[in-house]
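Each chain, written out:
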Amino acid sequence: MQTIDKFNFAGKRAFVRVDFNVPLNENSEITDDTRIRAAMPTLKKILSDGGSLIIASHMGRPKKNPDPKYSLKSILAHVSDLLGVDVKFAPDCMGEETAKMAAGLKAGEVLLLENLRFYEEEEGKPRGEFANDDEKAAAKKVTKENQKKFTATLASYADCYVNDAFGTAHRAHASTALIAKYFDENNKMFGYLMEKEVIAVHKIMTDTARPFTAIMGGSKVSSKIEIIENLLTKVDNLIIAGGMTYTFTKALGGKIGNSLCEDDKLDLALELLEKAKANNVKVVLAVDAKIADAFSNEANTQFVPVGEIPDGWQGLDIGPATEKIFADVIKASKTILWNGPTGVFEFENFTHGSRAVGEAIVEATKKGAFSLVGGGDSVACVNKFGLVDGVSYVSTGGGALLEAIEGRVLPGIEAIRGF
Ligand code: AMP
């Protein structure tokens, strides 16, 4: 397999698919440029080799074409600043003009294409929301043939293809997966960011040092079922935390007061516990909770055994006994996956459990464990607690990471790696 480090981009035009889908404020100013910065090592390597760049990305979910609100022009100046190069802009990712601009790129020059999602062909399906019937009718015209043409045009701009957009790796879109077919295996590769994500997922799911512990937190069982089911075939220990705790507690006959609970998932919770037993997976549940008399940071609180929560009270974090049990399991692990907080960490008074889990992970990592933190809110947790440098890897992937953990093949990875 080709790698970006080995590849010499001198004299080559590289089509780089990045994820520059950054948040913008109402004045179209970037409010968080993490994703743009994350792609810099890849982009800079190509330029310093003496290659030229065609940068392509999506932005938001435009409902019409073009929708100025989602124009990548808004980020042009910032990309230029970070790269230290005057980046050119193609106001349409298709068309003769753009093809000419791409063909005319000299070594060290950069072209940023307009939002790929201004064409339905990028996703290969109608966008789903239309301002009027005309738009709806037009959207239906996306055919395999059109998508093929679109993909072939993007591919025609370049000599090689680099995918550095892990955030969209779970989508079989034109620029994230289909385009790879137009390049032979020596001329397509992951970018540095994508490579790190792929290696991290591989270490967690395939090349796993044991014991392997997964900490699943967050709010609901329903949103994590597939992940939990897949993890039950992989992990040695499954720590259940967060709002999910109470569905399990109730299913086991405990009293949970007004805690979050999915009553239609009680049987499922028991089934998951049975499955764990059959697979020799140790499920670690909370034994105590920090409960509150309202869903508020200012609520009155107390610690109680997890199955003895009085009516009118709700569990908003784990208690000290649980923290110790979780930490002991985590510290004895060699591979750790953390997805989802142990409590309502947005309220300062209910951050203690998540912080304790984070700190235990840092300690285990110091002793040589591989730790991966991924999926929205646990990333927010390690950022909030300043623990980013203490864990092995913090995924930028969100949905893509979760699908990988569910055991799915990600089209963006498969397109380059071949499996
Ligand atoms: P998720 O997106 O599924 O990872 O869920 C994250 C959310 O779960 C966060 O916003 C937390 O506030 C919430 N959460 C965690 N523990 C609890 C709890 N005990 N009760 C209610 N919400 C919770």
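From a predicted model like this one, the values you see are computed outputs, not experimental measurements. (Residues numbered from 1 in each chain as written. Predicted model: local features only at pLDDT ≥ 70, side-chain atom pairs only at ≥ 80, totals over all residues. Heavy atoms only, no water.)

The next point concerns the site of the ligand. Around the ligand, the surrounding shell holds 13 residues, and the nearest of these are S219, K224, G315, E346 and D377. Between the ligand and G315 there is a distance of 3.0 Å, counted from a nitrogen atom to a backbone nitrogen or oxygen. About the coverage of the ligand: the protein hides 81% of its 500 Å² of free accessible area. The cavity where the ligand resides is the second largest pocket. Here the residues of the shell around the ligand are counted per class, giving four nonpolar, six polar and three charged. (Near = heavy atom within 4 Å. Polar contact = N/O pair within 3.5 Å; in protein donor to acceptor, adjacent residues only side chain to side chain. Areas by Shrake-Rupley, 256 points an atom, 1.4 Å probe, with all protein chains shown as cover. 1 Å grid on protein atoms, 1.4 Å probe; cavity = no way out; pocket = protein on both sides within 12 Å on 5 of 7 lines; lining within 4 Å. Sits in = over half its atoms within 2 Å of the grid points. Nonpolar A, V, L, I, M, F, W, Y, C, P; charged D, E, K, R; others polar.)

Here we come to the packing of helix α10 (residues 320-331) against helix α11 (residues 352-366). Two numbers describe how α10 lies on α11: the axes approach to 8 Å, and their chain directions differ by 20°. With respect to α11, the axis of α10 lies roughly parallel. Judged by the sense of rotation from one axis to the other, the crossing of α10 with α11 is right-handed. Seen from α10, the contacting residues are E323, F326, A327, I330 and K331; seen from α11, they are H352, G353, A356, V357, A360, I361, E363 and A364. (Axes fitted to C-alpha atoms, helices over the stretch in contact; angles between N-to-C directions. Helix = DSSP H or I, 4+ residues; strand = E, 2+ residues; numbered from the N terminus. Parallel < 35°, antiparallel > 145°, perpendicular 65-115°, else oblique. Left-handed = near helix turned anticlockwise from the far one by under 90°. Contact = heavy atoms within 4.5 Å.)

On to the state of the cysteines, then. If you walk through the whole model with that rule in mind, you get zero disulfides. There is no disulfide at C160, and the cysteine sulfur nearest it, in C93, is 19 Å away. Residue class for C160 comes out buried when judged on its relative accessible area of 0%. (Disulfide = S-S within 2.5 Å. Buried < 20%, exposed > 50% of the residue type's maximum accessible area, 1.4 Å probe, protein only.)

Turning our eyes to something else, we now look at the sheet that holds strand β1 (residues 13-17). Taken together, the six strands give an open sheet; going across it, the order is β3-β4-β2-β1-β5-β6, and neighbouring strands pair in parallel fashion. On the outer flanks of this sheet lie β3 (88-90) and β6 (188-190), each paired with one strand and no other. Averaged over all neighbouring strand pairs, the angle between strand axes comes to 25°, with direction disregarded. In terms of strand pairing, strand β5 (residues 160-163) meets β6 through three bridges, oriented parallel. Pairing of Y161 across the sheet is with K188, part of β6. (Pairing = 2+ DSSP bridges.)

Below, the discussion takes up the side chain of T335. Looking at the element boundaries, T335 is found in strand β15 (residues 335-339). Residue T335 is classed as buried on the basis of its relative accessible area of 1%. Only 2.5 Å separates the side chain of T335 from the backbone oxygen of A209, close enough to count as a polar contact. Once residues lying within four places of it in the same chain are set aside, the contact partners of T335 are K203, I204, T208, A209, P211, F212, T213 and F370.

With that settled, the discussion passes to the pattern of salt bridges. Here the structure, examined in full by the defined rule, presents 18 salt bridges. The partner of D159 in a salt bridge is R13, with the nearest N and O atoms 3.8 Å apart. In this pair, D159 sits in the loop between α5 (144-156) and β5 while R13 sits in strand β1, placing the two residues 146 residues apart along the sequence. Residue classification places D159 among the partly exposed positions, given a relative accessible area of 32%. With a shortest N-O distance of 3.8 Å, R35 and D19 are connected by a salt bridge. (Salt bridge = Lys/Arg side-chain N within 4 Å of Asp/Glu carboxyl O.)

Relative to the assigned elements, Q147 resides in helix α5. Residue classification places Q147 among the buried positions, given a relative accessible area of 10%. Setting aside anything within four residues of it in sequence, one finds Q147 in contact with E121, E122, E123, G124, A174 and L178.

Looking now at the nonpolar core. With 66 residues, the main nonpolar core has F15, L113, L154, F166, L231 and L238 as its most contacted residues. In this structure, this core is formed jointly by two domains, domain 1 (4-190) and domain 2 (199-405), each of which donates at least three residues. Counting 35 residues, the second-largest nonpolar core is a separate cluster that includes A289, V306, I330 and C381. (Core = buried A, V, L, I, M, F, W, Y, C linked by side-chain atoms within 4.5 Å. Domains from an automatic or database assignment.)

What follows deals with the packing of aromatic side chains. Think of a pair of aromatic rings as described by two things: how far the centres are apart, and how the planes are tilted against each other in angle. Following the criterion strictly, the structure yields six aromatic pairs and no others. Ring plane angle 35° and centroid distance 6.2 Å describe the contact between F15 and Y161, whose orientation is recorded as tilted. Here the residue F15 occupies a position in strand β1, and Y161 occupies one in strand β5, the gap between them amounting to 146 residues. Y161 carries the same exposure label as F15, and that label is buried. Centroid distance Y119 to F150: 5.5 Å. Interplanar angle 35°. Geometry classified as tilted. On the criterion of sequence distance, the pair formed by Y119 in the loop between β4 (110-113) and α4 (133-139) and F150 in helix α5 is long-range, its members being 31 residues apart. Take F150: its relative accessible area is 3%, and that puts it in the buried class. Within the aromatic cluster, the residues linked to one another by ring pairs are F15, Y161 and F183. A cation over a ring is seen here: K290 above F350, with NZ or CZ 5.4 Å from the ring centre. (Phe/Tyr/Trp six-rings, centres within 6.5 Å; stacked < 30°, edge-to-face > 60°. Lys NZ or Arg CZ within 6 Å of the ring centre and 35° of its normal.)

So, on to the domain arrangement of the chain. The extent of an interface is frequently quoted as the accessible surface area lost upon association of the parts. One can read the domain layout of the chain as domain 1 (4-190) and domain 2 (199-405). For domain 1 and domain 2, the distance between their C-alpha centroids amounts to 37 Å. Each partner contributes to the interface: domain 1 provides five residues, whereas domain 2 provides seven residues. Approximately 440 Å² of surface area, both sides summed, lies buried where domain 1 meets domain 2, with 69% of it carried by carbon and sulfur atoms. Together, F166, G167 and H170 form the three largest contributors to the area buried by domain 1 at its contact with domain 2, with a combined 86%. Counting across the interface, domain 1 meets domain 2 through zero residue pairs in polar contact (both at pLDDT 80 or more). (Buried area = accessible area lost by both parts, 1.4 Å probe.)

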